[in-house]
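Chain by chain, the residues run as shown.
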There are 2 protein chains.
Amino acid sequence: MQINWDDMRTILALVRAGTLAGAADALSVSYTTVARRVQRAEEMLGRPLFERRPEGYFASPEAEELARAAARMEVQEQAALRHLSGRDQGLSGPLTLTAPQLLIQTHLAPFLAGFCRDNPEIELTVRATNDVLDLTRREADLAIRISKSPGDNLVGLHLADQKTTCVALPEIVAGAISDPSATLDWVIYTGHSTPPKSALALYPNYRIRARFDDMTSLIAAAKAGLGVTRMPVYLGRNDPELQPLPGLEPQDYAPIWVLSHQDLLQSAKVRALKVALKQFFRTRRDDFTQIQSLP
Amino acid sequence: MQINWDDMRTILALVRAGTLAGAADALSVSYTTVARRVQRAEEMLGRPLFERRPEGYFASPEAEELARAAARMEVQEQAALRHLSGRDQGLSGPLTLTAPQLLIQTHLAPFLAGFCRDNPEIELTVRATNDVLDLTRREADLAIRISKSPGDNLVGLHLADQKTTCVALPEIVAGAISDPSATLDWVIYTGHSTPPKSALALYPNYRIRARFDDMTSLIAAAKAGLGVTRMPVYLGRNDPELQPLPGLEPQDYAPIWVLSHQDLLQSAKVRALKVALKQFFRTRRDDFTQIQSLP
DNA sequence: CTGCATGCGTGCATTTTTGCATGGGTGACA
DNA sequence: TGTCACCCATGCAAAAATGCACGCATGCAG
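Cut-offs and rules
Residues numbered from 1 in each chain as written. Chains lettered and ligands numbered in written order. Predicted model: local features only at pLDDT ≥ 70, side-chain atom pairs only at ≥ 80, totals over all residues. Heavy atoms only, no water. Helix = DSSP H or I, 4+ residues; strand = E, 2+ residues; numbered from the N terminus. Rg over C-alpha atoms; globule rule 2.2 N^0.38 Å. Contact = heavy atoms within 4.5 Å. Areas by Shrake-Rupley, 256 points an atom, 1.4 Å probe, with all protein chains shown as cover. Lys, Arg positive; Asp, Glu negative; His and termini not counted. Charge placed at Lys NZ, Arg CZ, Asp CG, Glu CD. Buried area = accessible area lost by both parts, 1.4 Å probe. Salt bridge = Lys/Arg side-chain N within 4 Å of Asp/Glu carboxyl O. Polar contact = N/O pair within 3.5 Å; in protein donor to acceptor, adjacent residues only side chain to side chain. Domains from an automatic or database assignment. Near = heavy atom within 4 Å. Nonpolar A, V, L, I, M, F, W, Y, C, P; charged D, E, K, R; others polar. Axes fitted to C-alpha atoms, helices over the stretch in contact; angles between N-to-C directions. Parallel < 35°, antiparallel > 145°, perpendicular 65-115°, else oblique. Left-handed = near helix turned anticlockwise from the far one by under 90°. Least-squares fit on C-alpha atoms with pLDDT ≥ 70 in both. Expected span 1.5 Å × (residues − 1). Buried < 20%, exposed > 50% of the residue type's maximum accessible area, 1.4 Å probe, protein only. Pairing = 2+ DSSP bridges. Right-handed = clockwise from strand over helix to strand, strands pointing away. Phe/Tyr/Trp six-rings, centres within 6.5 Å; stacked < 30°, edge-to-face > 60°.

S.K.: Summarise the overall build of chain A; cite the residues concerned and give the values.
M.R.: From N to C terminus, chain A includes ten helices and eleven strands. In terms of overall dimensions, chain A is more spread out than a globule: its C-alpha atoms have a radius of gyration of 25 Å, far above the 19 Å expected for 295 residues. With respect to the principal axes defined by its C-alpha atoms, chain A has extents near 80 × 50 × 30 Å. Sequence separation of at least 24 residues holds for 73% of the intrachain contacts in chain A that already meet a minimum separation of 6. With an accessible surface of roughly 14,300 Å², chain A has 49% of that area assigned to carbon and sulfur atoms. Both charge centroids of chain A, one from 33 positive and one from 34 negative side chains, sit 3 Å from each other.

S.K.: I'd love a proper account of the interface of chain B and chain A, names of residues and values included.
M.R.: At the interface, 29 residues of chain B touch 29 residues of chain A. Both sides together, the interface formed by chain B and chain A hides about 3,000 Å², and carbon and sulfur atoms give 61% of it. Linking chain B with chain A are four salt bridges, by the criterion used here. At the junction of chain B with chain A, the criterion picks out 16 residue pairs in polar contact (both at pLDDT 80 or more). Those elements that provide at least two residues to the side of chain B that touches chain A are α1 (5-17) and α4 (61-86) of chain B. The element that contributes the greatest number of residues to the side of chain B that touches chain A is α4 of chain B, accounting for 16 residues.

S.K.: Explain the domain arrangement of chain A to me, and be specific about the residues and the numbers.
M.R.: Often, the extent of an interface is quoted as the loss of accessible area on bringing the components together. Residues and elements named next belong to chain A. The assigned domain composition of chain A is domain 1 (5-86), domain 2 (94-158 + 258-286) and domain 3 (163-253). In this assembly, nine residues from domain 1 lie in contact with nine residues from domain 2. Note on domain 1 versus domain 2: buried area summed over both sides is about 760 Å², and carbon and sulfur give 46% of it. Where domain 1 meets domain 2, there are two salt bridges. Of the charged contacts in the structure, one is a salt bridge between Arg 82 and Asp 263, with a shortest N-O distance of 2.8 Å. The interface formed by domain 1 and domain 2 includes five residue pairs in polar contact (both at pLDDT 80 or more). If you tally residues by element for the side of domain 1 that touches domain 2, the top one is helix α4 (residues 61-86), at eight residues.

S.K.: An account of the protein's contact with DNA strand D is requested, with residue identities and associated values reported.
M.R.: Taken together, 19 residues are adjacent to DNA strand D, and Tyr 31 and Tyr 57 of chain A together with Ser 30, Thr 33 and Arg 40 of chain B come closest. Close to the protein, within 4 Å, the atoms of DNA strand D belong to sugar or phosphate groups at a rate of 57%. Within the side chain of Arg 36 of chain B, one N or O atom sits 2.9 Å away from a base nitrogen of DNA strand D. Within the side chain of Arg 40 of chain B, an N or O atom sits 2.7 Å from a phosphate oxygen of DNA strand D.

S.K.: Give me the lowdown on the protein's contact with DNA strand C, citing residues and values where you can.
M.R.: Taken together, 18 residues lie around DNA strand C, and Thr 33, Arg 36 and Arg 40 of chain A together with Tyr 31 and Tyr 57 of chain B are the ones closest in. In the interface set of DNA strand C, defined as its atoms within 4 Å of the protein, sugar plus phosphate atoms amount to 55%. Of all the secondary-structure elements, those providing two or more residues to the surface near DNA strand C are α3 (31-45) of chain A together with α2 (20-27), α3 (31-45) and β2 (56-59) of chain B. No other element matches the six residues that α3 of chain A contributes to the surface near DNA strand C. Residue classes in the surface near DNA strand C are distributed as seven nonpolar, six polar and five charged.

S.K.: So, the pattern of salt bridges: which residues are in play, and what are the values?
M.R.: All names here are of chain A. A complete count under the given rule lists 36 salt bridges over all chains for this structure. The closest approach of N and O atoms between Lys 223 and Glu 241, which form a salt bridge, is 3.9 Å. Taken as a pair, Lys 223 in helix α8 (residues 215-223) and Glu 241 in the loop between α9 (233-236) and β10 (243-244) lie far apart in primary sequence, 18 residues in all. By sharing partners, the salt bridges in this structure join Asp 6, Arg 9 and Glu 77 into a single network.

S.K.: So what about the packing of helix α1 (residues 5-17) of chain A against helix α2 (residues 20-27) of chain A? Which residues, and what values?
M.R.: Residue and element names in this part refer to chain A. One can describe the packing of α1 onto α2 by two numbers: an axis separation of 8 Å at closest approach and a directional angle of 125°. What the angle tells us is that α1 and α2 run oblique. Where α1 crosses over α2, the handedness of that crossing is right-handed. Contacts from Arg 9, Thr 10, Ala 13, Leu 14 and Ala 17 in α1 reach Leu 20, Gly 22, Ala 23 and Leu 27 in α2. Residue composition of the contact of α1 with α2, by class: six nonpolar, two polar and one charged.

S.K.: For unusual backbone geometry, give the residues involved together with the corresponding values.
M.R.: Residues and elements named next belong to chain B. Notably, Ser 28 is not glycine yet its phi reads approximately 55°, a positive angle. Relative to the assigned elements, Ser 28 resides in the loop between α2 and α3. Within the chain, Arg 138 stands out as a residue other than glycine whose phi angle is a positive 60°. You can see Arg 138 is positioned in the loop between β4 (122-128) and β5 (142-146).

S.K.: I'd like to hear about the relation of the copies chain B and chain A, residue by residue, with values.
M.R.: Its rotation angle being 178°, the transformation that places chain B on chain A also includes 0.2 Å of axial translation and leaves an RMSD of 0.3 Å. The superposition of one copy onto the other is thereby described by a two-fold rotation axis. For chain B, the minimum C-alpha distance to the rotation axis belongs to Met 73 of chain B and amounts to 2.4 Å. Of the interface residues in chain B, 100% have counterparts in chain A that sit at the interface too, so the contact is made through matching surfaces.

S.K.: I'd like a rundown of α4 of chain B, residues and numbers included.
M.R.: Taking 1.5 Å per residue as the helical rise, α4 of chain B with its 26 residues ought to reach 38 Å, and the 37 Å between its terminal C-alpha atoms agrees with that figure. Counted residue by residue, α4 of chain B has 19 buried out of 26 residues, so it is predominantly covered.

S.K.: Any chance you could break down the pairing of β4 of chain B for me, citing the residues and the numbers?
M.R.: Residue and element names in this part refer to chain B. Bridge count for strand β3 (residues 93-99) against β4 is seven bridges, and the pairing is parallel. Across the sheet, residue Ala 99 finds its bridge partner in β4, namely Ala 128. For the crossover that starts at β3, traverses helix α5 (residues 101-118) and ends in the parallel β4, the hand is right-handed.

S.K.: Please set out the side chain of Gln 76 of chain B residue by residue, giving values where relevant.
M.R.: Relative to the assigned elements, Gln 76 of chain B resides in helix α4. Polar side-chain contacts of Gln 76 of chain B include one of 2.5 Å to the side chain of Arg 72 of chain A.

S.K.: Let's hear about the packing of aromatic side chains: which residues, and what values?
M.R.: The full count for this structure, using the stated rule, is twelve aromatic pairs over all chains. Relative to Phe 288 of chain A, the ring of Tyr 234 of chain A lies with its centre 5.2 Å away and its plane at 50°, an arrangement referred to as tilted. Taken together, the residues span a long stretch of sequence, with Tyr 234 of chain A in helix α9 and Phe 288 of chain A in the segment after α10 (268-283) at a distance of 54 residues. Phe 288 of chain A carries the same exposure label as Tyr 234 of chain A, and that label is buried. Here the aromatic rings of Phe 50 of chain B and Tyr 57 of chain B are separated by 5.9 Å at their centres, their planes lie at 55°, and the arrangement is tilted. On the basis of relative accessibility, which here comes to 5%, the residue Phe 50 of chain B falls in the buried class.

This is the structure we're talking about:
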């Protein structure tokens, strides 16, 4: 009874995904290939591993057991690759960074352009996503996160503190100032149930017009005049269309960190990007905490 | 930075073997394939893994690290396959047994023939070797061993006790009887420094004519008249050319066990062979302890 | 020094693996 | 009920991996 290691990896992907297409995506092959590798593995082992159902491939207990073993193999593989990357002392080759979309758009893009110019041998990949990528599984080498704690096995470097501000179109702000007790429209982030308490202290009557699960959309909604919205100051402060609600101090918000896996601490590329990020954010510290730029 | 799992397995084999041909043997592929897989892995990782030397491939520290990870992956893979085999309740498919050559020649061969007839669906592979195969690495499902202790993670079933006897050609035996104080020639197993003490008590003067590290050769040497030799009674007792040295009680020797991995305890095939072995050895118990067959 | 065993690299034909295109089935939804 | 979005199986052609044959270097024994 023999088995091909890549077939085990395929079984793992299929158990995880549940469908041929899903597994194929994860492995960057076609689903036909997944189907045939599974078929081959079943022949090798002399027993069926998956039940073919109209809604997908259903894993038998045997397949699940193989997948558990394959998952443990994967941990070993990834640890080895991380260690290998960690040994890498050259400023060349691939380097992957993940960061929140908006931070890239507003601040990181020009910085990264400079970094690439300074390090022409580094092949930088940027994954602009709000999803939390798994640094342990090497989905990225570095992650810029807006969060309060680094996380397991990860090494964090604090880049900047952040505060939030409440902004809206000038006419809405003017209305609120002229009559603080009038009902104020809000657009808020999904998950928050009410506008910030400090705002309610000044403007107690509110109506929630909409909720969005995406900051870009939230900004667009505010610009469309849907209401007031709370956002990190780096987004609100320089937008010519939006204006802060007066009388409110900026509120604390989760700081910005850059994280990497312990194993990559010694990697020259990772260190280079961390150092550059630290320098960059030092010059821009106020962007994230001060409502108005200093003269 | 990506890597193919079978390439990791190849790196492991190459680090272990040190040469392309050796790794190729272990993997049952051609050495060309090993060379090309390594080349591909090196390209993927963007760094060399082996130093090509005239005497073979020399692993770099990176390759050794990858190999260590791959070895841990291998442990997982093999554990999974063992568990899978353990679930196997059918009396069909592959089954591998390892046993000492001589035991197969003299006793096991007819027994195994019967077992195969009784279980025509089982595809039995016999590995006749004196090397201790690794049941953990699934080099065999069952092992018949001449040894005092089963070993780690293995489950043993005692098949028979054994004794040894000292035999030689009739003329040598006759000479020893006629003059016990004459110098007696011996052929002994490598590792033993002297003939057995109980023999020296009766025949104190000895000369070691040769040492052999292989029992078959030892027997041939005894038959060629090189001297007296000590061997398990199952080998000596029925050989028409050889005769026991009189006055010596059979001496204790390591018993015969059949071993299998814990994970395979539930496998129907493994259990079937164990049961059959136990029954067979019960009827042949005396072959291994009595110098003369009973009338 | 020569023959021989062992080890490596490379070009080429063969085999295997892969992806694509097509067809069929099922369930959600207007 | 028709459409759409997902599933899956299979035939076929392209692409990749493999094995083989050959040539070359090295170390060792006679």
